[in-house]
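# Descriptive structure summary
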Amino acid sequence: TNKIKSPKRSWLKTLEEQYPADPEITANVRSRVERVVERLLPMSDSVLSSVFASVSLRVFSTVLPTWATALGADRQPVFIINPLFTASIATDAGLSFIAAHEAFPAILQHIGPQAVQGLSPRSVHNLRLAQDAMINHLLTSLGFHMPTVNGKVIGIEPRSFYRWIRDKANDNQIVCPDE
């Protein structure tokens, strides 16, 4: 099984120590995340299963508002998980979507400084929005359901994002941000 390991790297341990959540909430979320990832692992025909198998390090910290994927010192992907946000996700289906979504930056090599080298901050922001929309589109086409909090879908809904781009392009408002 792919048991959750405790952070061994000092900067990751620091995140948990300096930005902790309530220990009881963290314990419940840790158990729930492990259960959800264990259910996603059997997708043997999917590249996702290999990523979930490699992301055995999960840091539970409130340093970020949601989840993120980072590279550890060993260049292996690490999930940074906000326990308070995760506890607010009503269903395991929504949590599965988030875990799968966060695996894709590792699959697509969207993490690490080389992924944004030479880009302006505005370009990095736009790139991240486009990547999130593309990943969400892929996951919804695979049958995953976007997560909700208090009955509202969270994240970038792909069709809305594509309409927004189309509208901006029609208004000649989309230009290369680095020009």
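Whatever comes next refers back to the structure up there.
This section reports on the structure supplied with the text.

Below, the discussion takes up the overall build of the protein chain. Counting secondary structure elements, the protein chain contains 7 helices and 5 strands. Listing every helix and strand of the protein chain by position from the N terminus yields α-α-α-β-β-β-α-α-α-β-β-α. Within the protein chain, buried positions represent 40% of all 179 residues. Within the protein chain, contacts between residues at least 6 apart in sequence are counted, and of these 63% link residues at least 24 apart. Surface accessibility of the protein chain: about 10,000 Å² in total, with carbon and sulfur atoms responsible for 55%.

Okay, the side chain of Thr 26 next. Tracing the backbone through its elements, the reader meets Thr 26 in helix α2 (residues 23-40). In this structure, Thr 26 is in contact with Ala 21, Phe 60 and Pro 83, ignoring residues within four places of it in sequence.

Counted under the stated rule, the structure contains 4 salt bridges. Measuring nitrogen to oxygen at the nearest pair gives 3.8 Å for the salt bridge that ties Asp 92 to Arg 35. Of this pair, Asp 92 sits in helix α5 (residues 92-107) while Arg 35 sits in helix α2, placing them 57 residues apart in sequence. Residue classification places Asp 92 among the partly exposed residues on the basis of a relative accessible area of 22%.

A separate point is the sheet that holds strand β2 (residues 67-71). Read across the sheet, 3 strands follow the order β1-β3-β2 without closing on themselves; strand pairing throughout is mixed. One side of each edge strand has no neighbouring strand; the edge strands of this open sheet are β1 (58-60) and β2. Going from strand to strand, the sheet's axes swing by 25° on average, the running direction of each strand aside. Where β2 lies against strand β3 (residues 77-81), 5 bridges are found, and the strand directions are antiparallel. Bridged to Trp 67 within β3 is Ile 81. Where α2 meets the sheet, it contacts β1, β2 and β3, and its direction lies at approximately 155° from that of β1. α5 rests against β2 and β3 of the sheet, and its axis sits at about 25° to β2.

The full count for this structure, using the stated rule, is 3 aromatic pairs. Centroid distance Phe 161 to Tyr 162: 6.3 Å. Interplanar angle 65°. Geometry classified as edge-to-face. Among the residues examined, Phe 161 registers a relative accessible area of 12% and is labelled buried. Classification of Tyr 162 by relative accessible area gives partly exposed; the value is 36%. A centroid spacing of 6.0 Å and a plane angle of 25° characterise the contact between Phe 161 and Trp 164, whose relative ring orientation is stacked. Taken together, the positions of Phe 161 and Trp 164, both in helix α7 (residues 158-170) and 3 residues apart, correspond to about one turn of that helix. Aromatic ring contacts, followed pair by pair, group Phe 161, Tyr 162 and Trp 164 into a single cluster.

Burial analysis of β2 places 4 of its 5 residues in the buried class, the great majority of the element. The antiparallel pairing of β2 with β3 creates a hairpin that spans 5 residues between the two strands, and Arg 75 there sits at a positive phi of about 65°.

All right, on to the layout of surface pockets then. In this structure, the largest pocket occupies an estimated 610 Å³ of space. Mapped by element, the contributors of at least two residues to the lining of the largest pocket are β2, α5 and α6 (121-141). Top contributing element to the lining of the largest pocket by residue count: α6, with 6 residues. Residues of the lining of the largest pocket, tallied by class, amount to 15 nonpolar, 7 polar and 3 charged.

Calculation rules
Residues numbered from 1 in each chain as written. Predicted model: local features only at pLDDT ≥ 70, side-chain atom pairs only at ≥ 80, totals over all residues. Heavy atoms only, no water. Helix = DSSP H or I, 4+ residues; strand = E, 2+ residues; numbered from the N terminus. Buried < 20%, exposed > 50% of the residue type's maximum accessible area, 1.4 Å probe, protein only. Contact = heavy atoms within 4.5 Å. Areas by Shrake-Rupley, 256 points an atom, 1.4 Å probe, with all protein chains shown as cover. Salt bridge = Lys/Arg side-chain N within 4 Å of Asp/Glu carboxyl O. Pairing = 2+ DSSP bridges. Axes fitted to C-alpha atoms, helices over the stretch in contact; angles between N-to-C directions. Phe/Tyr/Trp six-rings, centres within 6.5 Å; stacked < 30°, edge-to-face > 60°. 1 Å grid on protein atoms, 1.4 Å probe; cavity = no way out; pocket = protein on both sides within 12 Å on 5 of 7 lines; lining within 4 Å. Points joined across faces, edges and corners; volume = space filled by probe spheres on them. Nonpolar A, V, L, I, M, F, W, Y, C, P; charged D, E, K, R; others polar.

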